[in-house]
Amino acid sequence: MSESNEIDNLLHESRRFPPSDEFRAQAVAKADLYTTADADPQAFWAEKARDLHWHTPFTQTLDWSNPPFATWFDDGELNVAYNCLDRHVLAGNGDRVAFHWEGEPGDSKTFTYAELTAEVKKAANLLTALGIRQGDRVAIYLPLIPEAVIAMLAVARLGAIHTVIFGGFSAESIRDRVNDAEASLVITADGGYRKGRAFPLKPTVDKALAPDEAGQATTVKKVLVVKRTGDETSVAGWQEGRDLWWHDEIAQVDSEHVAKPFPAENPLFILYTSGTTGKPKGILHTSGGYLTQVAFTHKNVFDLKPETDVYWSTADVGWITGHSYVVYGPLANGATEVIYEGTPDTPHPGRWWEIIQKYKVSILYAAPTAIRTFMKLGRQIPQQFDLSSLRLLGSVGEPINPEAWVWYRDVIGAGKTPIVDTWWQTETGAMMISALPGITTLKPGSAQIPIPGIAIDVVDERLHSTGPDQGGLLVVTQPWPSMLRGIWGDPERYVDTYWSKFGPTTYFAGDGARRDKDGDIWLLGRVDDVMNVSGHRLSTAEIESSLVSHPMVAEAAVVGASDETTGQAVVAFVITKASHADDAAKDDAAAVLRAHVAQQIGAIARPRQVFIVNELPKTRSGKIMRRLLKDLAEGREIGDTTTLADTSVMTAITDTMR
Ligand code: WTA
């Protein structure tokens with residue numbers, strides 16, 4: 001389906017789902033949230049912040065005197081881990097389950113708040129023994145096992161800064177991140193489980209930390225290794241003096257640990273995300289404002305009743321959703337959650353639904369790509385399981401098309417659960433646009449309205465609000481508590497990327513959007529060179545630079561082509577240095593390059609297709625016209641070619657693609 005067709009269909013989407021009286025009556029969110037927040041957004045957020053435990057209460061809310069550099073609750077002091085752990089135990093909820101963890105092979109473990117607190121205290125003592133202090137950077141490269149959550153909270157407890165690196169990333173990606181953050185410690189595992197197999201992690205870390213060609217070592221002093229798979233070959237590269245087993249070390253530390261207060265603006269984590277250049281950006285988040293907004297949104301958007309709900313976000317902690325809505329939001333709210341290590345289809349395609357049945361999950365938060373995959377497999381799979389515990393469904397990461405939305409509600413939600421489609425970004429830290437269940441009349445395909453206390457607009461290039469049903473650019477016009485505080489080590493890039501298009505007080509999100517007559521917002525995808533594959537961000541520039549790093553390649557252009565399942569897919573057009581004898585030779589070259597990208601960046605970046613071409617479409621000034629390549633990759637009629645230096649080039653490319 002072409003892009004304009006899609007937008008057209010969205011314009012005609014007229015199904016409406018008002019909240020049921022029953023849901024409304026019991027809902028956490030009340031409509032007066034909007035009126036209170038509108039009247040005084042800062043006072044509203046200050047009130048929400050006071051739901052947290054402050055060792056030193058704040059007296060200032062927002063300082064925006066030096067935009068785009070903001071501080072929130074600046075003179076207050078808190079401990080993020082204490083808010084997620086100790087205070088629940090002290091409130092008498094130590095026996096409540098914090099999470100049920102389910103391993104892919106079928107092993108499982110449950111941690112109450114008291115047990116999780118005890119584990120994090122020990123881990124904090126261990127990290128202290130290894131020299132970690134406030135402000136130090138700790139890289140975490142783990143599968144989705146309990147130690148991932150424990151490690152993050154232990155780092156937070158010490159006022160240190162974690163940078164979690166998704167377990168699918170390559171040695172080079174780890175190295176870049178570790179170097180940029182100047183991390184002194186890496187926490188990893190021997191391996192993890194995925195798609196029914198044990199995969200090694202430790203060898204990738206070994207490779208990442210080995211001295212580079214110039215003999216330059218990284219800043220990492222120690223590597224803590226969790227034993228997950230027990231595969232001996234994974235730890236063949238063990239380095240005495242550098243590498244330590246988590247279980248050995250943790251057995252030797254004290255179990256008591258007192259959480260110290262840290263300033264509200266103490267950095268909490270750096271999370272790397274793809275931008276429009278080849279170098280990933282280290283998005284920096286701090287403590288008080290971040291925790292305030294993730295806790296508030298988690299509670300109100302998911303209608304959380306911590307005493308009775310079982311919440312499951314399927315995200316990995318390697319992504320922002322895992323930070324905000326697996327670790328910090330739910331635990332700050334004292335929720336009971338489910339954490340699942342593996343893939344949805346292992347060992348059978350009903351694994352997710354089996355987990356929901358097993359733990360009586362009541363709130364599910366997932367990505368549209370997964371929903372569309374299940375939709376293709378057919379409703380007979382979920383229908384084999386008892387999903388009657390579900391009462392609310394969430395979506396995140398990419399636009400959810402109305403068909404998938406309705407399927408999700410009908411088949412997974414028994415035709416009655418509200419669905420909240422939540423728009424936000426690594427940079428925003430927490431949800432920014434979403435319906436509130438029990439209040440908002442739902443529209444399939446629309447993320448709907450700003451969260452109370454958040455100011456969003458859809459504008460044209462001159463910052464004028466666009467009219468109803470007109471496409472424009474999504475901007476945030478007021479600072480918000482969980483906003484990124486910068487790009488690690490690069491304040492200039494922070495200003496340039498987000499706050500220069502419209503001036504230093506308007507955050508440019510990089511997304512296109514449209515507001516309908518009712519004021520509901522429909523997201524239309526990225527307007528920059530960032531792709532969204534299965535809800536994960538990739539930059540065209542990063543993949544292009546990986547391709548040209550291969551000796552075979554002369555030039556490369558990458559586009560995100562729409563894909564029925566993954567939203568977008570990576571499609572590359574490559575000019576090679578040598579010519580290829582025949583189609584078979586071209587296929588071989590394409591296979592080599594696909595593998596090369598997967599090896600350099602990670603499997604998630606592997607192009608769906610690599611086309612070996614003789615030329616690329618360029619403007620007279622030599623800029624590659626990706627728009628035309630996107631038309632080709634999506635099988636669409638090629639758009640306006642008048643600005644091409646050589647208009648015959650498109651025909652030549654089309655011919656070589658056959
Ligand atoms: C896209 C993920 C439409 C968007 C939390 C954004 C969405 C990017 C939605 C951020 C949604 C996220 N509807 N698009 N509900 N949620 N996006 O940083 O393009 O991994 O800019 O954060 O995902 O991706 P990120």
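Position labels on residues start from 1 in each chain and follow its written sequence. Given that the model is predicted, a residue must reach a pLDDT of at least 70 before its local features are reported, and side-chain atom pairs must reach 80 or more before they are shown or counted; all residues, however, enter totals for whole chains, interfaces and linings. Side-chain calculation: all heavy atoms of the structure are included, whereas hydrogens and water are not.

## Observations concerning the overall build of the protein
- Only DSSP runs of H or I covering at least 4 residues are called helices, and only runs of E covering at least 2 are called strands; the numbering of each starts at the N terminus. A tally of helices and strands in the protein yields 21 helices and 30 strands.
- Taken against the 2.2 N^0.38 rule, which gives 26 Å for 658 residues, the C-alpha radius of gyration of the protein at 24 Å falls within 12% of a compact globule.
- C-alpha atoms of the protein, sized along the principal axes, occupy 75 × 65 × 55 Å.
- Between buried and exposed lies partly exposed: a residue is buried under 20% and exposed over 50% of the maximum accessible area for its type, with that area taken using a 1.4 Å probe on protein chains only. Looking at the protein as a whole, 59% of its 658 residues are labelled buried. Computation of the radius of gyration draws on C-alpha atoms alone. For the globule rule, the value is 2.2 Å times the number of residues to the power 0.38.

## Overview of the sheet that holds strand β20 (residues 419-422)
- By the convention used here, strands pair only if DSSP detects at least 2 bridges between them. Reading across from one edge, β5-β4-β17-β16-β18-β19-β20 is the order of the seven strands in this open sheet, with mixed pairing throughout. Looking at which strands have only one partner, the edges of the open sheet turn out to be β5 (108-112) and β20. Here the strands of the sheet are splayed against their neighbours by 15° on average, with no regard to which way each runs.
- Sheet topology note: the strand β16 (residues 310-313)/strand β18 (residues 363-366) ladder contains three bridges and is parallel. Among the inter-strand pairings, Ser313 is bridged to a residue of β18, identified as Tyr365.
- Across the sheet, helix α16 (residues 402-412) touches β18, β19 (392-396) and β20, and the angle it forms with β19 is around 150°. Only the stretch in contact is used when fitting a helix axis, every axis being a line fitted to C-alpha atoms; angles between N-to-C directions are given from 0 to 180 degrees. Residue contacts are defined here by distance: any two heavy atoms, one from each residue, within 4.5 Å place the two residues in contact.

## Details of the site of the ligand
- Any residue with at least one heavy atom within 4 Å of a molecule or strand is counted as near it. In the neighbourhood of the ligand, 17 residues make up the surrounding shell, with Asp421, Thr422, Thr426, Asp511 and Arg526 lying closest.
- Any N or O atom pair separated by 3.5 Å or less is treated as a polar contact, with the protein-specific requirement of one donor-capable and one acceptor-capable atom, and with residues adjacent in sequence counted only for side-chain atom pairs. Asp421 is positioned with one of its side-chain polar atoms (N or O) 2.7 Å from a nitrogen atom of the ligand.
- One nitrogen or oxygen atom from the side chain of Arg537 is found 2.9 Å from an oxygen atom belonging to the ligand.
- Computed with a 1.4 Å probe, the accessible areas rest on the Shrake-Rupley method; for each residue, only the protein chains presented here act as cover. When the ligand is considered free in solution it has 520 Å² of accessible area, and contact with the protein chains removes 96% of it.
- Looking at the shell around the ligand, the elements that each hand over two or more residues are α13 (320-332), β20 and β25 (521-526).
- Residue composition of the shell around the ligand, by class: six nonpolar, six polar and five charged. In the scheme used here, Gly and all other residues not listed as nonpolar or charged are polar, with Ala, Val, Leu, Ile, Met, Phe, Trp, Tyr, Cys and Pro taken as nonpolar and Asp, Glu, Lys and Arg as charged.

## Quick look at the pattern of salt bridges
- In what follows, salt bridge is the name for a side-chain nitrogen of Lys or Arg lying within 4 Å of a carboxyl oxygen of Asp or Glu. Overall, the coordinates contain 39 salt bridges when judged by the stated rule.
- Residues Lys48 and Glu47 are paired through a salt bridge, measuring 3.3 Å at the closest nitrogen-oxygen approach.
- The exposure class of Lys48 is buried, given its relative accessible area of 13%.
- With its nearest N and O atoms 2.9 Å apart, the salt bridge here joins Lys501 to Glu461. In this pair, Lys501 is assigned in the loop between α17 (491-499) and β24 (507-515) and Glu461 in the loop between β21 (456-459) and β22 (471-476), connecting sequence segments 40 residues apart.
- According to the relative accessible area criterion, Glu461 is exposed, its value standing at 56%.
- Connected via shared salt-bridge partners are Glu102, Arg351, Glu354 and Lys358.

## Describing the packing of aromatic side chains
- A pair of Phe, Tyr and Trp rings is counted when the ring centres sit within 6.5 Å of each other, with Trp represented by its six-membered ring. The angle between the planes then sorts it: under 30 degrees is stacked, over 60 is edge-to-face, the rest tilted. Under the definition given, this model contains 34 aromatic pairs.
- Geometrically, the ring pair formed by Phe44 and Phe296 is edge-to-face, given 5.4 Å between the ring centres and 85° between the ring planes. In this pair, Phe44 sits in helix α4 (residues 41-49) while Phe296 sits in helix α12 (residues 288-301), placing the two residues 252 residues apart along the sequence. For the residue pair Phe44 and Phe296, the accessibility class agrees, reading buried in each case.
- Both rings, one in Phe302 and one in Tyr325, keep their centres 6.3 Å apart while their planes meet at 85°; by these two values the pair is edge-to-face. Of this pair, Phe302 sits in the loop between α12 and β16 while Tyr325 is found in helix α13, placing the two residues 23 residues apart along the sequence.
- The ring of Phe169 carries the charged tip of Arg177 above its face, separated from the ring centre by 4.6 Å.
- Two limits define a charge over a ring: the Lys NZ or Arg CZ must be within 6 Å of the ring centre, and within 35 degrees of the ring normal. Its end group placed over the ring of Trp245, Lys227 keeps NZ or CZ at 5.1 Å from the ring centre.

## Description of α13
- The buried fraction of α13 amounts to 13 of the 13 residues, a majority that puts the element mostly inside the structure.
- Just downstream of α13 lies Gly334, where phi reads positive at about 65°.

## Considering the side chain of Asn266
- On the secondary structure map, Asn266 appears in the loop between β13 (262-263) and β14 (267-273).
- Engagement of the side chain of Asn266 in a polar contact is seen with the side chain of Gln134, the distance being 3.0 Å.
- For Asn266, the residues in contact, after removing those within four places along its chain, are Gln134, Gly159, Thr286 and Ser287.

## A closer look at the domain arrangement of the protein
- An automatic or database domain assignment supplies the start and end points of every domain. Assigned domains within the protein: domain 1 (21-512) and domain 2 (534-657).
- Computed over C-alpha atoms only, the centres of domain 1 and domain 2 are separated by 33 Å.
- Domain 1 puts 24 residues into the contact, and the matching count from domain 2 is 18 residues.
- What counts as buried area is the accessible surface, traced by a 1.4 Å probe, that two parts surrender upon association, with contributions from both included. Carbon and sulfur atoms supply 44% of the area buried between domain 1 and domain 2, which totals about 1,600 Å² over both sides.
- Along the contact surface separating domain 1 from domain 2 lie one salt bridge.
- With its nearest N and O atoms 2.9 Å apart, the salt bridge here joins Glu427 to Arg537.
- Connecting domain 1 to domain 2 are 13 residue pairs in polar contact (both at pLDDT 80 or more).

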